[in-house]
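# Examining the three-dimensional arrangement
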Amino acid sequence: MTIVHRTSTTTRVAFIGNSLPRRCGIATFTTDLQQAIAATGSADTAIIAMTDCGRSYDYPTSVALEIQEATLEDYVAAADYLNRGGFDVVSLQHEFGIFGGEAGSHVIALLARLDMPVITTLHTVLAEPTDAQRRALDRIIDLSSRIVVMAEKGRELLRTIYRVPAEKIDVIPHGIPDFDFVDPEPVKAKLGFGDRTVILTFGLLSPNKGIEVMIDAMPQILESRSDAVYVVLGATHPNLVRDQGENYRDSLVERARHLGVEDHVVFKDQFVDRETLLDYIAMCDVYVTPYLNEAQMTSGTLAYSFGLGKAVVSTPYWHASELLADGRGVLVPFGDAKATGAAIADLLTDDARREAMRKRAYSTSRSMTWESTAKRYLASFETARRGDRLKLIPPASTAMLANVPPPAMQLGHLLAMCDDTGLFQHAVHSVPDRHHGYCVDDNARALLVACALNKSGEQRLSEPLTARFASFIQHAWNPDTRHFRNFMSFDRRWLEDRGSQDSHGRTLWALGEASANDASPSRRRWAASLFIAALPTVEEFGSPRAWAFTLLGLDPYCAAFPGDPIAERHRTLLADRLLALLEQTETEDWVWFENGLSYDNARLPQAMIATGRATRNADYLAAGLRSLRWLIQIQTSPKGQFRPVGSATFGEQRKPPLAFDQQPLEATATISACLAAWRADGDGSWTAEAKRAFGWFLGENDLSVSLVDPETGSCRDGLHPDRANENRGGESVVSYLLSLAEMRQLARLSGDRVKPELRALRA
């Protein structure tokens, strides 16, 4: 890796992509865009250049840093360089094949570590990507603040196939030089083609360009214009040369000889500079792009020729279909030499029509000049920066977002809410209410708190209670039905033979955590044994939350007991079920697993994020991040505060959530999910969202009322429209304490910036 230190100005833009003098279209585009942005005087620019394996280039001073495409460490170091360099925005030029890793996934390690917004230009949008390509592109889209495509077809594919919100997409045409409308004849004489009728194709030579079709069309063209010459300008693609030498070019030369048109086909085997390229385009009478399939989103060669006012004949690939519509060019079928020859011959023998087409193309293209393109990119950059500021800058009054440390861990109220049997369900104010007895749900949550305290080094606070919670869970297990019971009266009578699916799943979650994180080795073994005994029952469940809770238990269990076939099978089964639900119900405005919102909502995306991270499955991870982002959005009040989905919403179908009643459970789930997302992709905005949700406990809510007593660790049961619920039951106290444990652990990491490991995601 090579680093060049540069001076800083107010606005700094880094472009990631190939760069000249590397010979490819992306290198030309990146360099042209960087120069156009720099020419506006609005930004200080630098290029982060991708270098292909085994090659080296004499990069210009505009290249501040070089990345070897196959070296993952270079991508990580590049992120550090950009973060330290004070860059305000990153413009990524994405094309499959220029980044290392499966389907170019190495670049994700760079993007996930950046502190500034990323605007990604997609030079290719595949309608039928491979699984690996889809995973990589979904992740890149998730990490990008805005997506730029160069044609409306790109927008359509992003919306329908990749489900990118419309407001995140900008369509900015490929830039073109601002070149005069010129007479071809003087330039022909300059280049040695005086008194010839010139047809031109330029670009790196490769089999997908359809040059064979154009050579096959030459005999037909020569019948009408015997002076015609077809100039093929461009070096053979470096990858083709590396693998096959010049076999392909030689085959084209032989094809022309066989057809007897060798004197009318000229191969210019060179990668020309911009001035020479513009001269060649200026001299041609017809420009042709005979590409062989439609899946070409962008063609720089087409844009340049169109912008210089050339009559263009092309096959109907996506870019050409849009640019040449309404008589701005001529479209011919793919692979059809006869139609291609006829179209070119017609233009070469009809000077008036050709000239009218030239003028129409030139006038239409004035909005595509690099100066105009640069302005549109700068507008996209500023939109991304505004969104980033809104996302990251908290309200001035928010205590947690102002980096005030979380309160001390106090378990007084939790102790008061327990007796020899376990944790009581309810309280009247802060007094335990024996009338409603106990439930396995709350005792499982309490065991989760104990495990969280153990992980944070504070297990001494909860150790006297942990055995009690474990004992309750053990007693709740009904081996006859293979289910956990849930509700128990105060006189220790079970009120049912089996509890709900959700209570079973939540108990599995607690057991999975205990199997990996309980302070006692003996209890860890107990938890693992009971977990695996109760796990198969979940297969018959239909509750998405039961699946999610179980997945959250499978995450630590599988880490502690890797390779367990029963656990791994159930993890895949349940994650696939959740993913299928999302795919069935998700729309542009409803990015959720169900048609309605209920309780503990964030646990669903949390389960997908945790499972995706652990199994390296990008589909799971992307689904979790996407749905959590949507949930965060709808759980934000107009003031920018966290507003959990109110319980009055339950049962509503595809409607915005109602504000009340608000319950601690939702804030806790959101905090955990956001921290899981942060651990998965390293995006600091997730920790900001977690802090915002924790601020809800401390008074940053619709009523500006604190729900917690920091001296005892008690927590009110929620918010009504006009007041707080003064009761402080078991669910509320364990919800608050679990969140407090997570926020205290996060606070201990502050000051030493932790960059979570980004795994190369594979199904």
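Just above sits the structure.
Residues numbered from 1 in each chain as written. Predicted model: local features only at pLDDT ≥ 70, side-chain atom pairs only at ≥ 80, totals over all residues. Heavy atoms only, no water.

## Description of the side chain of Arg-523
To keep things clear, this is the line we draw: Counting from the N terminus, the helices are the DSSP runs of H or I reaching at least four residues and the strands are the DSSP runs of E reaching at least two. Note on exposure labels: buried denotes an accessible area under 20% of the residue type's maximum, exposed denotes more than 50%, and partly exposed covers the range between, all computed with a 1.4 Å probe on protein chains only. Throughout, a residue-residue contact means that at least one pair of heavy atoms, one from each residue, lies within 4.5 Å.
Looking at the element boundaries, Arg-523 is found in helix H20 (residues 521–534). Since its relative accessible area comes to 14%, Arg-523 is described here as buried. When neighbours within four sequence positions are excluded, Arg-523 is seen to be in contact with Glu-463, Thr-466, Ala-467, Ala-470 and Asp-518.

## Some words on helix H24 (residues 618–634)
The test is simple: Each helix should span, by expectation, one fewer than its residue count multiplied by 1.5 Å. Under this definition, polar contacts are N or O atom pairs within 3.5 Å; protein pairs additionally need one hydrogen-donor-capable and one acceptor-capable atom, and for neighbouring residues in sequence, both atoms have to be side-chain atoms.
A rise of 1.5 Å per residue sets the reference length of H24, with its 17 residues, at 24 Å; its end C-alpha atoms lie 24 Å apart and thus fit the reference within 8%. Summarising burial for H24: 12 of the 17 residues are buried, a large majority. Of the positions making up H24, those classed as buried are Ala-618, Tyr-620, Leu-621, Ala-622, Ala-623, Gly-624, Leu-625, Ser-627, Leu-628, Trp-630, Leu-631 and Ile-632. As for H24, its buried residues are in contact with helix H4 (131–143), helix H22 (565–585), helix H23 (603–615), helix H25 (664–681) and helix H26 (684–697). Its side-chain oxygen at 2.9 Å from the backbone nitrogen of Asp-619, Asn-617 defines the N-terminal cap of H24.

## Thoughts on the packing of aromatic side chains
What counts is decided by this rule: Each aromatic pair joins two rings of Phe, Tyr and Trp (for Trp, the six-membered one) with centres within 6.5 Å, and gets the label stacked for planes under 30 degrees apart, edge-to-face for over 60, and tilted for any other angle. Our definition puts a charge over a ring when NZ of Lys or CZ of Arg is within 6 Å of the ring centre and also within 35 degrees of the ring normal.
Under the counting rule described, the total for this entry stands at 23 aromatic pairs. Where Tyr-57 meets Tyr-59, the ring centres are 5.6 Å apart and the plane angle is 50 degrees; that geometry is what we call tilted. Residue classification places Tyr-57 among the buried residues on the basis of a relative accessible area of 17%. Classification of Tyr-59 by relative accessible area gives buried; the value is 13%. Centre to centre, the rings of Phe-694 and Tyr-736 are 6.2 Å apart; their planes meet at 15 degrees, and the pair counts as stacked. Separated by 42 residues along the polypeptide, Phe-694 in helix H26 and Tyr-736 in helix H27 (residues 730–749) bring together distant segments of the chain. Members of the aromatic cluster, joined through ring pairs, are Phe-424, Tyr-438, Phe-472, Phe-490 and Trp-494. Here Arg-366 stacks its cationic end above the ring of Tyr-362, 3.8 Å away from the centre of that ring. Sitting above the plane of the Tyr-599 ring, Arg-545 keeps its charged end 5.6 Å from the centroid.

## Some thoughts on the packing of helix H13 (residues 337–348) against helix H14 (residues 351–364)
Heads up, the condition is: To get an axis, fit a line to the C-alpha atoms, keeping to the stretch in contact for a helix; angles then go from 0 to 180 degrees between the N-to-C directions. Roughly parallel refers to an angle under 35 degrees, roughly antiparallel to one over 145, roughly perpendicular to one between 65 and 115, and oblique to any angle outside these ranges. In this classification, Asp, Glu, Lys and Arg are treated as charged, Ala, Val, Leu, Ile, Met, Phe, Trp, Tyr, Cys and Pro as nonpolar, and every other residue, Gly included, as polar.
Two numbers describe how H13 lies on H14: the axes approach to 6 Å, and their chain directions differ by 95 degrees. Considered as vectors, H13 and H14 are oriented roughly perpendicular to each other. Taking contact as the criterion, the partners of Asp-346, Leu-347 and Leu-348 in H13 are, on H14, Asp-351, Arg-353, Arg-354 and Met-357. Of the residues belonging to the contact of H13 with H14, the class tally is 3 nonpolar, no polar and 4 charged.

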